[in-house]
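Structural description and commentary
Here are the chains, one letter per residue:
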Amino acid sequence: MPQFCDVALPVPLDMAFTYRVPVEATPVVGGRVLVPFRQKRMTGIVVELHDRKPSVATKDVLSVLDAAPVLDDQLLRLGRWISDYYLAPVGEVFRTMLPLSAEFKRSMGYRITDAGLMALHLAGMSGSSARSRRPPEEQAAEFRVLDYLAASQPMVDLAPQEMIESVTNGKGTASAVPLDAESEVALAAEGRTAAREQSLRSAMRVSRKILDGMARKKWITREDLSAVQDATRTVKIAVLNSAEGKLNDNQRKLIDTLAASGGKVPVAALQSLDVPCTTLNTLVRRGLVAIREERADFAVSRAKPRPSPFDFDFNAAQQMALARVREGVASRQFTGMLLHGVTGSGKTAVYLASMRAVLDAARSAILLVPEIGLTPAVAADLHEVFGDEVAILHSALSHKERAEQWHRIKRGEARMVVGTRSAVFAPVADLALIIVDEEHDASYKQEETPRYHARDVAVMRAKMADAVVVLGSATPSLESYFNATKNKYALVELPDRVEQRPLPEVEIVDMRQEFQETGQEQVISRKLASEIKTRLERKEQVMVLLNRRGYSPVVLCRTCGKKLECANCAIALTHHKREHKMVCHYCGFMAPVPKSCVHCGSEYVYFLGTGSEKLEELLHGQFPQARIARLDRDTVRSYEDFERTLNALNESELDIVVGTQMIAKGHDIHGVTLVGVVGADVALGLPDFRAAERTFQLLTQVAGRAGRGQAPGKVILQTYFQDHYAVQYAARHDFAGFYEKELRFRSWMHYPPYSALANVLVRSDKLDEALEFSGMLGKWFESTRHEGVRVLGPAAAPILKLKRDYRYHFVLKSPSREKLNTTLRTMLAHATQQKIPRTQIIADVDALWLM
């Protein structure tokens, strides 16, 4: 039996850590173990078993969690490739690949020491005079902690949040918050709003300060008692035993509800009845009702499935595309395909038919979609076709739901997987096909470590598995289309919509001319208003896109000319009228709506610009009889909200939907005959070489929502830059023309696809430190020869301050990915030698966002 194992831990260090193997159980490569790391317990992945004794003392593995690998050889190889290519610590890569955090409960043990007891005793001896002086808040919190620990068992084993709740004064005045960063990450993953997350972080730092100070004073000791827990989801069920006996009105209501439901109702459903919560407890005590825990059901999707794609005949282009995919799957060799089909050309039908062929061969397939909002609709389609063979993976699921779905896939109970970017790591067996829908979408790129691109990871996984990868889009990224023209991928075209439906007519409205003719700034042009009125009279549906949240994006003082900015970012706060708040859309900072200028005190505060909330209000004013809904991140708090609105749209219960880019992607609503685009040229003003490409993609995608049924569609495109080539080519549905023109600009400037690109970001919450670190790296780049690599910078990032960090960056370009990777590795090694913390440098390979 091997004596030692190397473990990859989720820490920002590019190395594995050696531990001694326990006698009672041998870990497996690719399996999880629980190990001590500094003052914590952590789960990690075993990457090697060996008998090489380290030169330093080793700690023991605390527990072996898996008898079989959770990451097989292929996924381990994929994780190492991601670590190497994206310069990410392999432990953090493996953590991203495994959605099993629900199986690990973080808790901390706290113990009062003799010194703590003495401090508490002295505080009590000081009598009422000390209490009357009202000690400072921190001192009061310390003595509440000591008081609680002294009255408890020798070791208090609590989750961090429970610890803080326990030391409140009973009036809820202390902040109930996590004390550790992993709890903070868990909260973020559960989908808490950015504002809530920020307030939690702020309070967490205070709590840490108090407990750290108490530990330094030797008043308390603490020990990490984190351990594995059962992640099975359960639900409490009320079961009717008897309806006999004397009952009051409330008790009779509960009994009748149970009887009408077959004798079993979830407790949560009973709590929604208008009866006191004590009523159920009384019935339980009397033995009339029993409470049982049962395994909770999981609904793959509550969205209504669309008509089956197999109910109509495939056209010739679809048949050819399907044949190409089936041929690739049958060959059991890696095949890359770019499926370029116009909006409404039936790409989804090709996907589903290809997946059905894979399932018929008893193999597995993964379908990636860019937005959580698309997942329910696609999952409903797949569930309709494949039944219980479908699993769903995305971040809007709870930790336990994700773990449950992951285990279903691992056990082979679900061979068809649909999800967002993390679903590319699904542990399917005998992988035959990966489909990346809307492959151009920027949401496939993760913006925190590891900064992988799910499309490129999908291609690499397909290579390792000898599988087929299909990249589908009406507006492929320039990189993917370029690769297809160079025969790296097979190019498959779907040039026409299904059933010979025409592409929508696009009419451009020049908002400069609109201003000249009306004499005032218009949000909704006269043409768009007229077309909406016509569609409402015909009982048809309308979508209006404005890719900006909130009510007004800028609050400006007319006296001093200054904007109201975020305290943490160099970004103007956005006015949210319904919530009566000013909000930062980057960090979640909130402030009250100002009645006067915070800089000069002037009362002349002006709210500039229009967001989706204001647009909704204007449409309500112009069309008071219309049923209007808004889809953006302010109205959609969960995927259930999205499902509800899309179902209402499909059932013709809505006339107009206003939204951000959420409404632009992949939705197939046959009743929509008009799409209005407000502020189509917003992105063209950003200092980003991809601005034109993003604008073209967004306009083309949202235009594709119109005319997908029997009635023809129309698009009204409002712009101040009607002559811009991105706007003109989008209006003509001319991808090839846009591609050729944009490619010419990219070649002149040596941007992708002609060069590989990386963005190196240096950050610090201290401006001087950010300048110093970026200067040190700048001097190193100047003094060192990097053959074949062009370095731009250092320069201030377009958004200088973000989430309290000041930011400076370098942009590196090279025709050779290998040379670029070598230069980045050498730079990181130099930074380590210069004592620049690894967390202060972000090396973003194939960066999509340079802001």
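Up top is the structure.
Basis of the calculations
- Residues numbered from 1 in each chain as written.
- Predicted model: local features only at pLDDT ≥ 70, side-chain atom pairs only at ≥ 80, totals over all residues.
- Heavy atoms only, no water.
- Pairing = 2+ DSSP bridges.
- Helix = DSSP H or I, 4+ residues; strand = E, 2+ residues; numbered from the N terminus.
- Axes fitted to C-alpha atoms, helices over the stretch in contact; angles between N-to-C directions.
- Contact = heavy atoms within 4.5 Å.
- Salt bridge = Lys/Arg side-chain N within 4 Å of Asp/Glu carboxyl O.
- Buried < 20%, exposed > 50% of the residue type's maximum accessible area, 1.4 Å probe, protein only.

In this section: the sheet that holds strand β21 (residues 505-510). Ordered by their spatial adjacency, six strands build an open sheet running β21-β31-β30-β22-β29-β28, and the pairing between neighbours is parallel. Of all the strands in the sheet, the pair left with one neighbour each is β21 and β28 (628-631). Neighbouring strand axes in the sheet, compared pairwise and without regard to direction, differ in orientation by 15 degrees on average. By the bridge criterion, five bridges tie strand β22 (residues 541-545) to strand β30 (residues 672-677) in an arrangement that is parallel. Opposite Met543, over in β30, you have Val675 as the bridge partner. Of the strands in this sheet, β21, β22, β29 (656-659), β30 and β31 (714-719) touch helix α19 (residues 526-537), which is tilted by about 155 degrees from β31.

Now for the pattern of salt bridges. Inspection of every chain in the model, using the stated rule, returns 39 salt bridges. Ionic pairing is found between Asp6 and Arg52, a salt bridge with its closest N-O pair at 4.0 Å. Remark: Arg52 occurs in the loop between β4 (40-50) and β5 (63-64) and Asp6 occurs in strand β1 (residues 4-8); sequence separation between them is 46 residues. Assessed through its relative accessible area of 11%, Asp6 is described here as buried. Measuring nitrogen to oxygen at the nearest pair gives 4.0 Å for the salt bridge that ties Glu413 to Arg408. Among the charged side chains, a salt-bridge network with shared partners connects Glu507, Lys527, Glu531, Arg535, Arg538, Glu540 and Lys714.

So, about unusual backbone geometry. A cis amide bond links Pro752 with the next residue in sequence, Pro753, at an omega value of 15 degrees. Inspection of the secondary structure assignment puts Pro753 in the loop between α24 (735-749) and β32 (756-764). For the bond running from Gly793 to Pro794, omega is 10 degrees, close enough to zero to count as cis. Among the secondary structure elements, Pro794 is positioned in strand β33 (residues 790-802). The residue Lys218 is not glycine, and still its phi comes out positive at about 65 degrees. The residue Lys218 is located in the loop between α8 (194-216) and β9 (220-224) in this model. Here Lys218 falls in the exposed class, since its relative accessible area comes to 57%. Notably, Asp466 is not glycine yet its phi reads approximately 50 degrees, a positive angle. Positionally, Asp466 belongs in the loop between α16 (454-465) and β19 (468-473).

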